[in-house]
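Structure at a glance
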Amino acid sequence: MLVICCLSLFIVGLDSTIVNVALPSIGRDLHATVAGLQWTIDGYTLVLASLLMLSGATADRVGRRRVFQIGLALFTIGSGLCSLAPGLGWLVAFRMVQAVGGSMLNPVAMSIITNTFTDRAERARALGVWGGTFALSMAIGPVLGGLLVSSVGWRGIFWVNIPVGLAAIALAAKFVPESKAPKARRPDPVWAR
């Protein structure tokens, strides 16, 4: 189960850095301005950060495995669509689809780990491995991105996520137990305060 959670974190972390290396190639191929290329990164980051808390709360209410698998599916589909993007606007939109899926992976994987590994020492080791996986993905991203851009082109940076995402979806269905918060908290909209 830890491997499955680490796979999800790996592709999200990898995607955060691998795209940076491909920006010059994307700019040339799609005739994009620097501002347009910035939206390729910023659109992803804004959507991802904006939905993290909502995704975690939703998983607590409707089921962690369910939300985790939906997130993996959206991220994988978004990656496939990014690799097919005919223009910069489409690429930014598809990166946002990826980010919606990515927002469901980080907090939900953390919740799955903390609910599965109940022993304090075991949980600490699991979270250490999980954090190390993220650091590794951030370090590998630029290297792998450079290799892929120089060998198959910028679209190849998105292909990496597809087999990993599909494998994680299948493995989650088999090995990740469904769990929810024992008592769902009521929604807490801003206007209700």
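Above this text you will find the structure in question.
Below is a summary of the structure that appears in this document.

Criteria and cut-off values
- Residues numbered from 1 in each chain as written.
- Predicted model: local features only at pLDDT ≥ 70, side-chain atom pairs only at ≥ 80, totals over all residues.
- Heavy atoms only, no water.
- Helix = DSSP H or I, 4+ residues; strand = E, 2+ residues; numbered from the N terminus.
- Buried < 20%, exposed > 50% of the residue type's maximum accessible area, 1.4 Å probe, protein only.
- Contact = heavy atoms within 4.5 Å.
- Areas by Shrake-Rupley, 256 points an atom, 1.4 Å probe, with all protein chains shown as cover.
- Salt bridge = Lys/Arg side-chain N within 4 Å of Asp/Glu carboxyl O.
- Core = buried A, V, L, I, M, F, W, Y, C linked by side-chain atoms within 4.5 Å.
- Phe/Tyr/Trp six-rings, centres within 6.5 Å; stacked < 30°, edge-to-face > 60°.

Attention now goes to the overall build of the protein. The helix and strand tally for the protein stands at seven helices and zero strands. Along the longest, intermediate and shortest principal axes, the C-alpha atoms of the protein span 50 × 40 × 25 Å. Out of the 193 residues belonging to the protein, those deemed buried represent 43%. Relative to all contacts within the protein whose residues are 6 or more apart in sequence, the contacts with residues 24 or more apart total 83%. Only carbon and sulfur atoms are counted for the fraction: they give 69% of the accessible area of the protein, which is about 9700 Å².

Our focus in this paragraph is the pattern of salt bridges. Counting across every chain of the model gives three salt bridges. Asp-15 is the salt-bridge partner of Arg-95, the closest N and O atoms lying 2.3 Å from each other. One end of the pair, Arg-95, is in helix 4 (residues 88-116); the other, Asp-15, is in helix 1 (residues 2-30), with 80 residues separating them in the sequence. Taking the relative accessible area as the measure of exposure, Arg-95 reaches 1% and is therefore buried. For Asp-15, a relative accessible area of 0% translates into the label buried. Between Arg-155 and Asp-29 there is a salt bridge, with its nearest N and O atoms 3.8 Å apart. With Arg-155 in the loop between helix 5 (120-151) and helix 6 (156-159) and Asp-29 in helix 1, the pair connects residues that are 126 residues apart, well separated along the chain.

What follows concerns the nonpolar core. Across soluble globular proteins, nonpolar side chains have a tendency to be buried as a group. Of all hydrophobic cores here, the largest spans 28 residues; its most connected members are Phe-68, Ile-113 and Trp-130. Elements with a contribution of two residues or more to this core: helix 1, helix 2 (34-62), helix 3 (64-84), helix 4, helix 5 and helix 7 (161-175). The contact partners of Ile-113, leaving out residues within four places of it in the chain, are Leu-2, Cys-5, Ala-126, Leu-127 and Trp-130. Counting 19 residues, the second largest nonpolar core, distinct from the first, contains Leu-30, Leu-37, Leu-88 and Leu-91.

Next up on the list: the packing of aromatic side chains. Taken as a whole and judged by the stated rule, the model has two aromatic pairs. An angle of 35 degrees between the planes, with centres 5.6 Å apart, marks the rings of Trp-90 and Phe-94 as tilted. Separated by four residues within a single helix, Trp-90 and Phe-94 lie in helix 4, roughly one turn from each other. Here Trp-154 and Phe-158 contribute two aromatic rings whose centre-to-centre distance is 6.3 Å and whose plane-to-plane angle is 90 degrees, an arrangement assigned as edge-to-face.

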